[in-house]
Amino acid sequence: MSEEINQISTKEILDKEFKTSMRGYNQEEVDAFLDIIIKDYEAFLNHIEKLEQDNSRLRKQSEQTRSRPVTSNHQVNYDILKRLSNLEKAVFGKKYADS
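Residues numbered from 1 in each chain as written. Predicted model: local features only at pLDDT ≥ 70, side-chain atom pairs only at ≥ 80, totals over all residues. Heavy atoms only, no water.

Draft legend 1. Structural view of the overall build of the chain. Each helix and strand in the chain was counted, giving four helices and zero strands. The secondary structure elements of the chain, listed N-terminal to C-terminal, are α-α-α-α. Every one of the 99 residues in the chain was classed for burial, and the buried ones make up 4%. (Helix = DSSP H or I, 4+ residues; strand = E, 2+ residues; numbered from the N terminus. Buried < 20%, exposed > 50% of the residue type's maximum accessible area, 1.4 Å probe, protein only.)

Right, dumping it as structure tokens:
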């Protein structure tokens with residue numbers, strides 16, 4: 001549907017190894033921060049997937065709405081009046097139809 005914008009996956013973030021040096025970063029802090037990033041990344045991916053599904057569903061509904069035949073109010077009113085007339089004849093009988 002849309003071009004792939006993800007350059008890395010959550011697994012790649014999790015498996016990323018950083019070189020250590022004499023004055024390097026604290027490895028535990030980096031790991032904790034990457035854990036937060038992974039959770040956010042997964043949440044964003046899930047949210048994007050949900051939005052794409054909603055978008056697809058709404059497009060289908062829109063197409064169905066466009067394909068429905070449009071009836072004019074005049075035709076609808078005529079149909080209602082005709083049904084009402086038939087109902088009155090059925091309820092009140094010939095006496096109502098003659099008056």
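Draft legend 2. Representation of a nonpolar patch on the surface within the structure. On the surface, a cluster of nonpolar side chains totalling about 520 Å² of accessible area is made up of L81, L84, L87, V91 and F92. Mapped onto the elements of the fold, L87 is located in helix α3 (residues 73-92). For L87, a relative accessible area of 51% corresponds to the exposed category. (Patch = residues over 30% accessible without salt bridge, like charges linked within 9 Å, V, L, I, M, F, W, Y side chains within 5 Å. Areas by Shrake-Rupley, 256 points an atom, 1.4 Å probe, with all protein chains shown as cover. Salt bridge = Lys/Arg side-chain N within 4 Å of Asp/Glu carboxyl O.)

Draft legend 3. The pattern of salt bridges, seen in detail. What the rule picks out here adds up to three salt bridges. Of the charged contacts, one joins K11 and D15 as a salt bridge, the two residues approaching to 2.7 Å between their closest N and O atoms. Of this pair, K11 and D15 both sit in helix α1 (residues 10-15), four residues apart, which is roughly one turn of the helix. Judged by its relative accessible area of 55%, K11 is exposed. The structure contains a network of salt bridges with shared partners spanning K50, D54 and R57.

Draft legend 4. Structural context of a negative patch on the surface. A cluster of acidic residues, E17, E28, E29, D31 and D35, forms a negative patch on the protein surface. Mapped onto the secondary structure, D35 falls in helix α2 (residues 27-67). The partly exposed category is assigned to D35, whose relative accessible area is 39%. (Lys, Arg positive; Asp, Glu negative; His and termini not counted. Charge placed at Lys NZ, Arg CZ, Asp CG, Glu CD.)

Draft legend 5. Structural view of α2. Along its 41 residues, α2 runs 60 Å from first to last C-alpha, staying within 8% of the 60 Å computed at 1.5 Å per residue. Buried within α2 are the following residues: L34, I38 and Y41. Along its buried surface, α2 packs onto α1. Two or three places before E28, at the start of α2, stands the capping residue N26, its side-chain oxygen 3.0 Å from that residue's backbone nitrogen. (Expected span 1.5 Å × (residues − 1). Contact = heavy atoms within 4.5 Å. Polar contact = N/O pair within 3.5 Å; in protein donor to acceptor, adjacent residues only side chain to side chain.)

Draft legend 6. Highlighting the confidence of the model for the chain. Averaged over the chain, the pLDDT score is 81; the fraction of residues at 70 or greater is 82%. Here helix α4 (residues 94-98) is the element of the chain with the lowest mean pLDDT, 61, and α2 is the one with the highest, 89. (pLDDT = per-residue confidence, 0-100.)

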